[in-house]
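Listed below are the residues making up each chain.
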Amino acid sequence: MTALAGHGPDADSGRGPHDAPVDPFLPRPFVVRLHRQDTRDTFTLVLEPVDGAPLDFAAGQFTMMQAFGVGEAPISISGDPAHPERLEHTIRDVGSVTHALVRSAPGTLLGIRGPFGTGWDVASGRGGDVVFVAGGIGLAPLRPAVLDVCRERDAYGRVLLLYGARTPEDILFGDDLRRWGAEHGIDVEVTVDNGQHAWRGRVGLVTQLIARGGFDATNTLALVCGPEVMMRYAAAALAERGVPRDRLRLSMERNMKCGVGLCGHCQLRELFVCVDGPVLTFDVLAPLMSRAEV
Amino acid sequence: MRTIEEYLPQHPFFAGLDNSVAALVSGCARNVHFRPGEFLFHEGDAADRFFVVRHGRVSLEVRAPAGPAVVVDVVQDDDVVGWSWLVPPHRWMFDARSTDQTSAIVFDAVCLRDKAATDPVVGYALLQRVVTVMADRVQSARVRLVDLYGAPA
């Protein structure tokens with residue numbers, strides 16, 4: 001693991017898109033252009049860089065978002081990698097920093113560091129099937145990878161998106177889910193934990209969708225994001241179906257602070273999730289996910 | 001559509017049954033169809049049958065004293081509906097309502113239950129399979145009880 005490596009648009013040279021040196025600790029100012037409420041507690045912000053330089057990123061990476069005067073939080077990018085001029089973050093209002101972020105009206109200046117961490121590398125699934133398994137707000141970090149697949153849909157075989165949410169009201173990106181199914185031939189299956197009479201979809205665990213999903217397991221790339229317990233069950237179900245463990249990738253959430261592997265806040269035994277992850281393969285994670293306090 | 005005799009041996013619930021048991025089970029089965037909104041059974045009624053959904057969707061619901069029913073589970077193609085027929089007091093615990101046009105196979109559970117009571121081979125084979133369905137439902141309920149997607153503590 002190399003501190004200060006593997007992040008940003010031009011990590012090898014340590015220089016940014018406009019040949020300026022990259023200081024990973026210096027936030028770049030971005031202005032909120034659009035503020036959208038997705039669910040009761042989840043919001044999407046669309047931001048543009050004040051200096052005009054696009055923020056190139058890979059699907060699966062995160063940034064450190066700063067609400068000036070309040071604090072900084074790691075947030076996965078939920079936007080389209082093909083449009084780096086438009087940085088999109090989907091944020092759940094769960095703490096003081098995220099509360100300040102989701103209350104940022106259009107015109108507000110926010111600080112952005114990054115992008116940091118590893119990506120989904122969905123392109124490595126070309127020629128085979130792809131299975132996305134998302135739980136709750138875990139759909140947000142997967143969205144850029146789904147958009148990558150949609151752009152080159154013919155390069156992939158069957159594509160399944162299995163999504164679990166708490167209630168029908170908590171389903172994220174409803175319009176996207178419909179469009180991905182109708183226009184891009186993605187088999188979208190949604191299930192909720194608690195359904196009311198009016199809900200005509202599925203009620204139950206997202207892992208139950210894995211067993212019945214029609215995909216060629218040995219030639220499948222599986223990308224999983226959601227609460228860690230859900231990912232553990234989902235990964236076990238995918239491995240049981242025959243998806244190779246090194247083709248089964250999970251996005252881990254830890255207390256990322258510096259973003260460059262120095263501070264150790266996000267340590268997961270020998271790993272720093274901010275640089276070795278957040279996307280890691282199940283063969284690496286399996287021994288760590290079943291242990292407490294690693 | 002395949003006949004019941006063709007369909008059942010390929011279904012995971014019935015796979016591996018002895019020929020004699022498979023013939024017994026097939027003999028207790030017939031095809032049924034439900035329109036959206038139609039009930040397969042009601043909570044509290046005698047659990048004298050169970051179903052395998054061939055096509056469609058069925059929701060398992062709890063009636064609330066006020067307001068709409070709460071859906072606790074949804075089953076669809078190839079899922080088994082109902083295990084109360086094998087567990088005393090043989091009363092349904094939930095309502096089962098078809099939410100789509102649903103085709104299913106219904107089994108005469110009284111016939112199978114009586115046979116299971118007198119023939120341990122049949123009884124064990126059926127119990128093994130029903131326990132698998134129950135385990136799936138319990139696991140699903142337990143994990144959902146954790147409220148994985150709820151607000152972080």
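Definitions and limits used
Residues numbered from 1 in each chain as written. Chains lettered and ligands numbered in written order. Predicted model: local features only at pLDDT ≥ 70, side-chain atom pairs only at ≥ 80, totals over all residues. Helix = DSSP H or I, 4+ residues; strand = E, 2+ residues; numbered from the N terminus. Rg over C-alpha atoms; globule rule 2.2 N^0.38 Å. Buried ≥ 20, exposed ≤ 12 C-beta atoms within 10 Å, placed from the backbone. Pairing = 2+ DSSP bridges. Contact = placed C-beta atoms within 7 Å. Axes fitted to C-alpha atoms, helices over the stretch in contact; angles between N-to-C directions. pLDDT = per-residue confidence, 0-100. Domains from an automatic or database assignment. Nonpolar A, V, L, I, M, F, W, Y, C, P; charged D, E, K, R; others polar. Parallel < 35°, antiparallel > 145°, perpendicular 65-115°, else oblique. Left-handed = near helix turned anticlockwise from the far one by under 90°. Right-handed = clockwise from strand over helix to strand, strands pointing away. Core = buried A, V, L, I, M, F, W, Y, C linked by C-beta atoms within 7 Å.

Comments concerning the overall build of chain A
- When you go through chain A residue by residue, the secondary structure sums to 7 helices and 16 strands.
- Compactness check: chain A gives a C-alpha radius of gyration of 18 Å against a globular reference of 19 Å for 294 residues, within 12% of the reference.
- Considering chain A as a whole, with its 294 residues, one finds that 50% of them fall into the buried category.

Points about the sheet that holds strand E3 (residues 49-55) of chain B
Residues and elements named next belong to chain B.
- Ordered by their spatial adjacency, 4 strands build an open sheet running E1-E8-E3-E6, and the pairing between neighbours is antiparallel. The outermost strands of the open sheet, each flanked by one partner alone, are strand E1 (29-34) and strand E6 (80-81).
- Two elements, E3 and E6, share 2 bridges in a ladder whose sense is antiparallel. Looking at the pairing, Phe51 lines up with Val81 of E6.
- Against the sheet, helix H3 (residues 109-118) contacts E3 and strand E8 (102-108), and its axis sits at roughly 40° relative to E8.

Structural notes on the environment of Gly44 of chain B
Residues and elements named next belong to chain B.
- Inspection of the secondary structure puts Gly44 in the loop between strand E2 (39-41) and E3.
- Classification of Gly44 by C-beta neighbours within 10 Å gives exposed; the count is 12.
- Spatially, the C-alpha atoms of Gly44 and Asp95 are 8.6 Å apart, while their sequence positions differ by 51 residues.
- Here Gly44 is in contact with Arg91 and Trp92, once residues within four sequence places are set aside.

What to know about the confidence of the model for chain B
Residue and element names in this part refer to chain B.
- For chain B, the mean per-residue pLDDT works out to 88, and 97% of the residues sit at or above 70.
- Considering each helix and strand of chain B separately, the mean pLDDT is smallest for helix H1 (residues 4-7), with a value of 81, and largest for E2, with 96.
- Quick note on the complex model: pTM equals 0.86, ipTM equals 0.75.

Focus on the domain arrangement of chain A
Residue and element names in this part refer to chain A.
- When its domains are assigned, chain A resolves into domain 1 (28-116) and domain 2 (122-289).
- Taken together, the 21 residues of domain 1 in the interface contact 19 residues of domain 2.
- For the side of domain 1 that touches domain 2, the elements supplying multiple residues, two or more each, are strand E3 (62-67), strand E4 (71-76), strand E5 (87-92) and strand E6 (109-116).
- A breakdown of the residues in the side of domain 1 that touches domain 2 according to their chemical character gives 8 nonpolar, 8 polar and 5 charged.

Observations regarding the packing of H3 of chain B against helix H4 (residues 120-145) of chain B
Residue and element names in this part refer to chain B.
- The contact between H3 and H4 brings their axes to 5 Å, and the two run at 120°. With respect to H4, the element H3 is oriented oblique. Crossing of H3 against H4: the hand is left-handed. Seen from H3, the contacting residues are Leu112, Lys115, Ala116 and Ala117; seen from H4, they are Val122, Gly123 and Leu126.
- Of the residues that constitute the contact of H3 with H4, the class distribution is 5 nonpolar, 1 polar and 1 charged.

Side note on the pairing of strand E7 (residues 129-135) of chain A
Residue and element names in this part refer to chain A.
- Counting buried positions along E7 yields 7 of 7 residues, so the element is predominantly enclosed.
- In E7, alternate side chains face the same way, and those of Asp129, Val131, Val133 and Gly135 on one face and Val130, Phe132 and Ala134 on the other are all buried.
- Where E7 meets strand E12 (residues 220-225), 6 bridges bridge the pair, whose relative direction is parallel. Looking at E12, one finds that Ala134 is bridged to Cys225.
- The handedness of the E7 to strand E8 (residues 159-165) crossover, carried by helix H2 (residues 139-151), is right-handed.

Digging into the nonpolar core
Residues and elements named next belong to chain A.
- Phe132, Val133, Leu162, Leu223 and Ala234 are the most contacted members of the largest nonpolar core, which totals 123 residues.
- Two domains each provide a minimum of three residues to this core, namely domain 1 (28-116) and domain 2 (122-289).
- Dropping the residues within four chain positions of it, Val133 is found in contact with Leu162, Val206, Ile210, Ala222, Val224 and Ala234.

A look at the sheet that holds strand E16 (residues 279-281) of chain A
Residue and element names in this part refer to chain A.
- Taken together, 7 strands build an open sheet; the order of strands is E11-E9-E8-E7-E12-E13-E16 and the sheet is mixed. The sheet is open, and its two edges are formed by strand E11 (202-203) and E16, each paired on a single side.
- Relative to E11, strand E9 (residues 187-192) is paired through 2 bridges, and the arrangement is parallel. When the sheet's bridge partners are listed, Val192 is paired in E11 with Val203.
- With respect to the sheet, H2 is in contact with E7, E8, E12 and strand E13 (248-251), its orientation differing from that of E7 by roughly 160°.
- Where helix H7 (residues 282-289) meets the sheet, its contacts fall on E13 and E16, and the angle it forms with E16 comes to roughly 90°.

As for the interface of chain B and chain A
- In this complex, chain B contributes 18 residues to the contact, which on the side of chain A involves 22 residues.
- At the level of secondary structure, the elements contributing two or more residues to the side of chain B that touches chain A comprise strand E5 (70-76) and H4 of chain B.
- Among the elements that take part in the side of chain B that touches chain A, E5 of chain B stands out by supplying 5 residues, more than any other.
- Taken together, the residues of the side of chain B that touches chain A sort by class into 12 nonpolar, 4 polar and 2 charged.
- Note that strand E10 (residues 195-196) of chain A and E5 of chain B share 2 bridges and pair antiparallel. Its bridge partner being in E5 of chain B, Gly195 of chain A is matched across the sheet by Val71 of chain B.

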